[in-house]
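An overview of the molecular structure
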Amino acid sequence: MGSAGNSRERQRQRRGQPAAAAAAAVQGRCGRFSMVKMVSHRELIALIVQQLNKFNPENQSLEDFLNESAVIQTLNVTEEKFVFDTLAGCTEYKSILDVVVNAFYVQDGRYCPISERNLYIVICYLATFQLEEIGLQHFSRIVKSLDTAKMQQFLRFFFNDLHLNTWIKDEWSHIYDSVYVKENLIDPLLRWQPKVQQLIEKLTDNLSNRSSTVRTSRVTQPKEFNLTAPKPRAIPPPSPAPLPVLPKRQPVPPSIYKPPKERKQLEEIKTKNIQKAKDLLLEANTNQFRCATIKPEKRENIHDSMESKPVFKAQKIQSKIDNIPIKLNTAAILREGALYQRKLEEELKRVENLQQGAGDSSEFLEWQKQMRGKDLEDQLAEIECRKLQGKLSYEEAVLAHQNVTQENKKKADLLREEKAELMHLCAEKRLQEQKEMKELVEQVMEGHKNVKQVKEKIQEHKQQIVQQVCEESGELLRQALEEQEEKNRKRYELIQQIRALESAPSIRHKFVDLTETGGHGLFGEMSVVELRERLALLKEAQKAAEEEKRDQIIHEKQAKEQLILDKLDQISQFRAELGRAAAFKQEEKKKSQPGERPMKDERILNLQKKIVEKTMERKKQAGLLKISPQKTRIVPSKDSFQWNHWKELEESRERQFRMLQHGFMDREAVQKKELIAAARTGAKACILRSDLK
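Residues numbered from 1 in each chain as written. Predicted model: local features only at pLDDT ≥ 70, side-chain atom pairs only at ≥ 80, totals over all residues. Heavy atoms only, no water.

**What to know about the overall build of the protein**
A count of helical and extended segments in the protein gives 18 helices and zero strands. Relative to all contacts within the protein whose residues are 6 or more apart in sequence, the contacts with residues 24 or more apart total 79%. A total of about 54,500 Å² of accessible surface is found on the protein, and carbon and sulfur atoms cover 55% of it. (Helix = DSSP H or I, 4+ residues; strand = E, 2+ residues; numbered from the N terminus. Contact = heavy atoms within 4.5 Å. Areas by Shrake-Rupley, 256 points an atom, 1.4 Å probe, with all protein chains shown as cover.)

Here you go:
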């Protein structure tokens, strides 16, 4: 209990530290109210009780509550400190004060109103914790300023020897340590008990003599002096004064009608900043990082490899493709059969519409195909123009980069000279510092010679102590090991005895009749023999159901195989017919294809001429400057492999366009090519017509 009491006392002290700091802050803050009129004890106690009724510790802290209270700030320093300390104490020691007040309401104060509870809490706190600080005289004044009957009743209940030594002490010991309660709470109350008893007797006498009439002395009433009232002074007439002359107004300055200079300066600064940003952007685009550029040897190898490649010549696609045997699954067969069936229905519907007088959309499709070819040709021309414009901007950027490189070279030479001078000065300064450091080290080493001998002696003494401690610890460890071995041996013997008892055989014979029931009185109760017979019957019924299900599955499978064979025959017929129709249509298109029409856009020719001129100019300037140009790529790439990949991709797109333009590959041939590439491991290859119209 002693440690618990000490911990509670430390908690109380920690809780009291913020209150003390806040009281000091209030004392410093309220120094300006030192000249305020004094307040009576009755009003102070009523103010404290009022603030306790308003205060809610769950919503706000005590310091914030007092700062918001305007009534407390009207008091002087002493009164405000008393009010603050009392409020803080009643809040902090509320648990032990509630013990006394609750017991008072149960025993002697049964008829006291509950609204006066905080009044008794304040009096109990002052009597328990503040009696030695404020003194008995000040405490008596506070008590006498309040209701005599209530105070006499409460003090007689609280300062009872029997109550203090019995249940009050026991209840307080549940909250704080019993030693702390006895020394700091109960003993001071017992020490003050005789003097407080005298105060209780005086209060009792006052109650008994209240009915007697009290003779009061006559109070002198002051009167005002009868003085002669002075005559009012006459108002002197106003003296004649000259009229004020208004100062001459200044003319309006001409700068009002002119625009301010600041606006013009801001426009100039804005123009300079825009020009500076453009210069920085140009410099950043020309001077990129080295990791994003290609070495000249590598670039030349790329161009040589691109130029040395043979020109791709598109060949005509054969009209017939060898049939490749491919195994089809059931889903593919059914899917292809449904496709051909749908196409057949569409074709029959189209024929019916034609018989009824509907028009054919083949002319519109042909016109649509021609317009799409023209759009594709325009797009490729636009792409070529953009590519040439990029090459032209590249040549211009290389020229600008060469100029910037020459300027940077001059700046680098100047920086190297300055760096050499600074390095020379730094080396001289470093040598001087090394000399000073060597001298300092020699001085320190001379002072450390005697210290080494003392350290060696201390080290030897410590080693001896360590050796002794090791010997003692080894002896203790040996004894502990012997004791542990003895314990383990006894445990082993005990375990052996327990195992011997458990291994003793126990003879248990129980005979079971499988033809008898268990006798539990259940409706579905049966013997083991009957259960086995029922299980055998269930197994036979299950086997018969399985055989029936198996036969049904076999019949369904045979019907499905027959359906698939019918679908395969239908598919083969459709393929043969569609292949012949597609071959016939392909031959007709070959005959109707016009010859090649090489076309070249004027914009492309002009851009190519400009690129050749810029390239020649760049090579001349590079030969004069004897520097290798570094290409600033518009599209960043990591190595020549990626460059070749994009180049080949562009060439393949151009080849496809030329083949579509000159008749080497029409829409059906493109679909055939994609089908062959996608169906190398899929369905059987065949030539399909895109539509049946």
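**Focus on the packing of helix H5 (residues 94–106) against helix H6 (residues 117–129)**
Across the interface, H5 lies against H6 with an axial gap of 9 Å and an inter-helix angle of 125°. The orientation of H5 relative to H6 falls into the category oblique. Once H5 is placed against H6, the crossing between them reads as right-handed. Residue-level contacts link Ile96, Leu97, Asp98, Val100, Val101, Asn102, Phe104 and Tyr105 of H5 to Arg117, Tyr120, Ile121, Cys124, Tyr125 and Phe129 of H6. Here the contact of H5 with H6 is built from residues that sort into eleven nonpolar, one polar and two charged. (Axes fitted to C-alpha atoms, helices over the stretch in contact; angles between N-to-C directions. Parallel < 35°, antiparallel > 145°, perpendicular 65-115°, else oblique. Left-handed = near helix turned anticlockwise from the far one by under 90°. Nonpolar A, V, L, I, M, F, W, Y, C, P; charged D, E, K, R; others polar.)

**Description of the nonpolar core**
Core analysis: the largest hydrophobic core is formed by 62 residues, its most contacted members being Ile45, Phe139, Phe154, Leu155, Phe158 and Trp172. In terms of residues, this core owes the most to one element, helix H10 (residues 178–208), which gives ten residues. Sequence-distant contacts of Trp172, defined by excluding residues within four places in its chain, comprise Ile96, Val99, Val100, Thr128, Phe158, Val181, Leu185, Ile186 and Leu189. Counting residues in hydrophobic clusters, the runner-up holds seven residues, among them Cys385, Leu388, Leu392 and Leu607. (Core = buried A, V, L, I, M, F, W, Y, C linked by side-chain atoms within 4.5 Å. Buried < 20%, exposed > 50% of the residue type's maximum accessible area, 1.4 Å probe, protein only.)

**So, the packing of helix H4 (residues 77–92) against H6**
Relative orientation of the contacting elements H4 and H6 amounts to 100°, with a least axis distance of 10 Å. With respect to H6, the element H4 is oriented roughly perpendicular. For the pair H4 and H6, contact is made by Phe82, Asp85, Thr86, Gly89 and Cys90 and by Ile121, Val122, Tyr125 and Leu126, respectively. By residue class, the composition of the contact of H4 with H6 is six nonpolar, two polar and one charged.

**Observations regarding H10**
Most pronounced at Gln193, the bend in H10 amounts to some 50°, and the proline Pro194 follows within four residues. Listing the buried residues of H10 in full gives Tyr180, Val181, Leu185, Ile186, Pro188, Leu189, Trp192, Gln193, Val196, Leu199, Ile200 and Leu203. (Bend = angle between axes of the 7 residues up to and from the residue.)

**Thoughts on the packing of aromatic side chains**
Counted by the stated rule, this structure contains 13 aromatic pairs. Their ring planes at 85° and their centres at 5.2 Å tell us that Phe104 and Phe154 sit as a pair that is edge-to-face. Of this pair, Phe104 sits in helix H5 while Phe154 is found in helix H8 (residues 148–158), placing the two residues 50 residues apart along the sequence. Comparing Phe104 with Phe154 shows no difference in burial state: the two are buried. For the ring pair Phe104 and Phe157, a centre distance of 5.6 Å and an interplane angle of 55° mean the geometry is tilted. A residue pair is termed long-range when its members are at least 10 positions apart, and Phe104 in helix H5 and Phe157 in helix H8 qualify at 53 residues. (Phe/Tyr/Trp six-rings, centres within 6.5 Å; stacked < 30°, edge-to-face > 60°.)

**Here we look at the side chain of Thr615**
Topologically, Thr615 is positioned in helix H16 (residues 602–625). Residue class for Thr615 comes out buried when judged on its relative accessible area of 15%. Here the side chain of Thr615 touches Glu395 through a polar contact of 3.4 Å, side chain to side chain. (Polar contact = N/O pair within 3.5 Å; in protein donor to acceptor, adjacent residues only side chain to side chain.)

**Observations concerning the state of the cysteines**
Scanning the model with the defined rule gives zero disulfides in all. Summary of cysteine pairing: Cys124 is not part of a disulfide, and the nearest cysteine sulfur, belonging to Cys90, is at 8.9 Å. (Disulfide = S-S within 2.5 Å.)

**Structural notes on the pattern of salt bridges**
Scanning all chains against the criterion turns up 19 salt bridges. Of the charged contacts in the structure, one is a salt bridge between Glu384 and Lys387, with a shortest N-O distance of 3.9 Å. One end of the pair, Glu384, and the other, Lys387, are both in helix H14 (residues 362–502), three residues apart, so they sit about a helical turn from each other. The network of salt bridges with shared partners includes Lys94, Asp98 and Arg117. (Salt bridge = Lys/Arg side-chain N within 4 Å of Asp/Glu carboxyl O.)

**Some details on a nonpolar patch on the surface**
Where nonpolar side chains cluster on the molecular surface, the patch consists of Met437, Leu440, Val441, Val444 and Met445 and spans about 430 Å² of accessible area. Here Leu440 shows up in helix H14. (Patch = residues over 30% accessible without salt bridge, like charges linked within 9 Å, V, L, I, M, F, W, Y side chains within 5 Å.)

**Describing H5**
Its 13 residues give H5 an end-to-end C-alpha distance of 18 Å, which sits within 8% of 18 Å, the value for a rise of 1.5 Å per residue. Taken residue by residue, H5 has Ile96, Leu97, Asp98, Val99, Val100, Val101, Ala103, Phe104 and Tyr105 as its buried positions. On its buried side, H5 packs onto H4, H6, H8, helix H9 (161–175) and H10. (Expected span 1.5 Å × (residues − 1).)

**A look at the environment of Leu136**
Relative to the elements of secondary structure, Leu136 occurs in helix H7 (residues 131–145). C-alpha of Leu136 to C-alpha of Leu199: the two residues are 63 residues apart in sequence and 9.3 Å apart in space. When near neighbours in sequence (up to four residues on either side) are disregarded, Leu136 contacts Leu131, Trp192, Lys195 and Val196.

**Some remarks on the confidence of the model for the protein**
Taken over all residues, the pLDDT of the protein has a mean of 76, while the share at 70 or more is 73%. The secondary structure element of the protein with the lowest average pLDDT is helix H1 (residues 2–29), at 40, and the one with the highest is H5, at 89. Every residue in residues 594–599 scores below 50 in pLDDT, and together they form seven contacts with partners more than four places removed in sequence or on other chains. Low pLDDT (under 50) marks residues 663–668, which in the prediction has 17 contacts with non-local residues, meaning those over four places away or in another chain. (pLDDT = per-residue confidence, 0-100.)

**Some words on the environment of His138**
Note on placement: His138 falls in helix H7. His138 gets classed as partly exposed once you look at its relative accessible area, which sits at 26%.

**Considering the side chain of His163**
Locating His163 in the fold gives a position in helix H9. The exposure class assigned to His163 is buried, which follows from its relative accessible area of 13%. The contact partners of His163, leaving out residues within four places of it in the chain, are Gln107, Phe157, Ile168 and Lys169.

**Some thoughts on a negative patch on the surface**
Taken together, Glu433, Glu436, Glu439, Glu442 and Glu446 make up a surface patch of like negative charges. If you trace the backbone, Glu442 turns up in helix H14. Glu442 sits in the exposed class, given a relative accessible area of 53%. (Lys, Arg positive; Asp, Glu negative; His and termini not counted. Charge placed at Lys NZ, Arg CZ, Asp CG, Glu CD.)

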